[in-house]
Every structure is written in structure tokens, then in C-alpha cells.
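As a plain string of letters, each chain reads:
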Amino acid sequence: MLDVLVRISEPINAGSDTASEVITRGGGAAANTACWMGAIGTDVTFAGQLGIDTAGEILIEEFKRNNVKLSVRRTPERNTGTVVVIIEPDGERTMFPDPGANSGLTFSALPNVADFDALFISGYALYNPASYSAISSLVESANQSKTPIFFDLASVGTMDRFGRRRILDFLPNVQCIIMNEDEARYLAQAEPRDSSAFYLSLVELAVVKLGADGALALKRGPNNAIEESRIKGKTVDVVDTTGAGDAFAAAFIASLLSGSKLTEALEAGDQLARQCVGIVGARPR
């Protein structure tokens, strides 16, 4: 995805002009995670689809700058996906996505998941009707090869359009879910801190990003015992929250795969997320 970031310095004047700064950056949840992984030295490959257009060329160059290997199909049928992000003075953002070429992924165009240590999937890919079949086949292939799957729930809006019941039916196919508080609350229909048993009835590991309050990890232990790891948040000057969750996922997954304990992986994710919110855009600079 190509992010068009609109930083406003005053309330939106509907039907008129609003003072703003417009910046173009690479985006897309899984792509952001891949770029942060590459930037911190993780061997990572991004698989997806881009249009045959200038935006696609820009994104490919950005992947290369962040040491991300590519398994990308270019299509003349759709433009590269684009999202307009409105960033308010307090750093909060509202997004208007057009998936473009992200729609219509085919399983045959994706790499063999058995060649990798783990698979990261953004909910945006699963929830897209034109890509659902390919992602479902990819998950089935990963399960057959026993490749662990880390699944990011994406946003409440996209979850709701896809259907909560369908998400609940899908989640036992993955080993780890990563979500923010709103997404966790929507999934459980209850407060995240009261829903440990619910999450672990679906997956082996559940991670809840708590923003300024840190992060929480819940793991299913022997005899279904619940193991909980929690870190506190740290003070940080927020410039732009776009991509913070993607940066968290990148460092958390990389740290966990390298053998770190859960608390250490949470700390790594939090540290990279704090680095992300201190810059404009969702990618390393």
C-alpha cells in the first residue's frame, strides 16, 4: 500500500480548506512489518501484489532499502493499493483505504511457506473477499508443514465487515494472534484483561497491545494453564501513531523466533513501536 499522510494542524473545516502537510510514504500492515523486520536485521520476505505503476516502483525501492526480499506479482489490472491517512494534532489517525492490487491474490503466486520459519498474515488480506481463498489455502499449507502462523487482527471496522463469527472459526488455524485493545475487546465482547481463557480457547498465544500502558501476552501452558506476561508502557513523545502496531509485531516476532522469553519479546516490540511513533509514517527512516 502507498500511504498518503495528511497531517492537519486544526479541526477539519468541512466543505472548505483545512491547513495540512501532505506526505507520501510506503504503507500496508504486512508490508510495514516486513520493512521493520528487515531494518532490524531479520531475514524476511514479503509476498503480495502491486500494480504496474509509479507507486509500485516506489514501494519496491523502499522494500529494497529496508533489506526485504520480495515475492511480488505485478498486475496491469489494478493500481497499487493506496490509503489516505488523516493525522490529527495529537497523533491519532483515521484511514481511508483502497486495496487496489492487493485484491485478487492467488495461491499459486505465493511462495512455498514450508521454506520459512514462520508466516505473518495481516487480517486485511484475509478479510478481502478477492484474496480470501488464497489466504485460506496459504494457511492450510502452513498447517500441513507445521509452519507457525502469527496473525494480526487488523482493525475493528474490517473485522466487523468480515464477520466476528467467521473470525472465531478461522483463529484455531493459527498459533498466535496480535491485537490492540479495541480489537481484543471486539473479539471477546468483553474487556481484554478479563478474557484470557477465551483467547486461549482459540489460539496458543494471544498478544494485546495496550498502547501507552504497554503490552500483555497470554500463553496456553501445560494442562491448559494460563501463563501471563505483562510489560508497562514508557513515556514517549508521539508524532504519528501510524504503523506502531506493525513495528511492534516485527520486533516481537523476530525476538520470539530468536529464542527470547515472552517478556523480552514484548519489550522488544514496545521499544520498536516507540521508535515508530516518534517519526512521520509507518516505515523506518
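Residues numbered from 1 in each chain as written. Predicted model: local features only at pLDDT ≥ 70, side-chain atom pairs only at ≥ 80, totals over all residues. Heavy atoms only, no water.

1. A few points about the sheet that holds strand 7 (residues 119-122)
The pairing of strands in a sheet happens through backbone hydrogen bonds and is either parallel or antiparallel.
Thinking step 1. Read across the open sheet, the six strands follow the order 7-8-9-10-11-12; overall the sheet is mixed. Pairing within the sheet leaves two strands with one partner each, and these edge strands are strand 7 and strand 12 (226-231). Within this sheet the neighbouring strands show an average axis-to-axis angle of 15°, counted without direction.
Thinking step 2. Sheet analysis places strand 9 (residues 176-180) next to strand 10 (residues 205-209), joined by five bridges and oriented parallel. Its bridge partner lying in strand 10, M179 is registered against V208.
Thinking step 3. Packed on one face of the sheet, helix 7 (residues 181-188) meets strand 9 and strand 10 and runs near 115° to strand 9. (Pairing = 2+ DSSP bridges. Helix = DSSP H or I, 4+ residues; strand = E, 2+ residues; numbered from the N terminus. Axes fitted to C-alpha atoms, helices over the stretch in contact; angles between N-to-C directions. Contact = heavy atoms within 4.5 Å.)

2. Some words on the environment of G214
Thinking step 1. Position of G214 relative to the elements: it lies in the loop between strand 10 and strand 11 (215-220).
Thinking step 2. Classification of G214 as buried rests on a relative accessible area of 4%.
Thinking step 3. Spatially, the C-alpha atom of G214 lies 5.4 Å from that of I231, the residues being 17 residues apart in sequence.
Thinking step 4. In this structure G214 touches K209, I231, K232 and G233, once residues within four positions along its chain are discounted. (Buried < 20%, exposed > 50% of the residue type's maximum accessible area, 1.4 Å probe, protein only.)

3. Re the sheet that holds strand 6 (residues 93-98)
Thinking step 1. Pairing is mixed in the open sheet, where four strands are placed in the order 2-1-5-6. The strands lining the two open edges of the sheet, one partner per strand, are strand 2 (20-26) and strand 6. Strand-to-strand, the axes of this sheet are offset by a mean angle of 20°, without reference to chain direction.
Thinking step 2. Pairing of strand 1 (residues 2-8) with strand 2 involves seven bridges; the strand directions are antiparallel. Counterpart to V6 in the pairing with strand 2 is V22.

4. Examining the pairing of strand 7
Thinking step 1. Burial along strand 7 is two-sided: the residues L119 and I121 and F120 and S122 are all buried.
Thinking step 2. Examined bridge by bridge, strand 7 and strand 8 (residues 149-152) share four bridges and lie parallel to one another. Bridging from a neighbouring strand, F120 pairs with F150 of strand 8.

5. Digging into the environment of D43
Thinking step 1. With respect to the helices and strands, D43 occurs in the loop between helix 1 (29-39) and strand 3 (45-51).
Thinking step 2. When the C-alpha atoms of D43 and V156 are compared, they prove to be 30 Å apart, with 113 residues separating the residues in sequence.

6. Quick look at the pattern of salt bridges
Thinking step 1. Scanning all chains against the criterion turns up 13 salt bridges.
Thinking step 2. For E62, the salt bridge is made with R283, and the minimal N-O distance between the two is 3.4 Å. Highlighted residues: E62 in helix 2 (residues 54-65) and R283 in the segment after helix 10 (262-277), separated in sequence by 221 residues. An identical accessibility class is assigned to E62 and R283; each is buried.
Thinking step 3. A salt bridge links D182 to R185; the shortest N-O distance between them is 3.1 Å. Linking D182 with R185, this pair stays in helix 7, spanning three residues, or about one helical turn.
Thinking step 4. Judged by relative accessible area, which is 49%, D182 ranks as partly exposed.
Thinking step 5. Residue R185 is classed as partly exposed on the basis of its relative accessible area, which comes to 28%. (Salt bridge = Lys/Arg side-chain N within 4 Å of Asp/Glu carboxyl O.)

7. A closer look at the nonpolar core
Thinking step 1. Of all hydrophobic cores here, the largest spans 38 residues; its most connected members are Y127, F151, L153, L171, I177, M179 and L187.
Thinking step 2. It is helix 4 (residues 132-144) that provides the largest number of residues to this core, a total of five residues.
Thinking step 3. Listed in part, the 34 residues of the second largest apolar core include V207, A251, F252 and V277. (Core = buried A, V, L, I, M, F, W, Y, C linked by side-chain atoms within 4.5 Å.)

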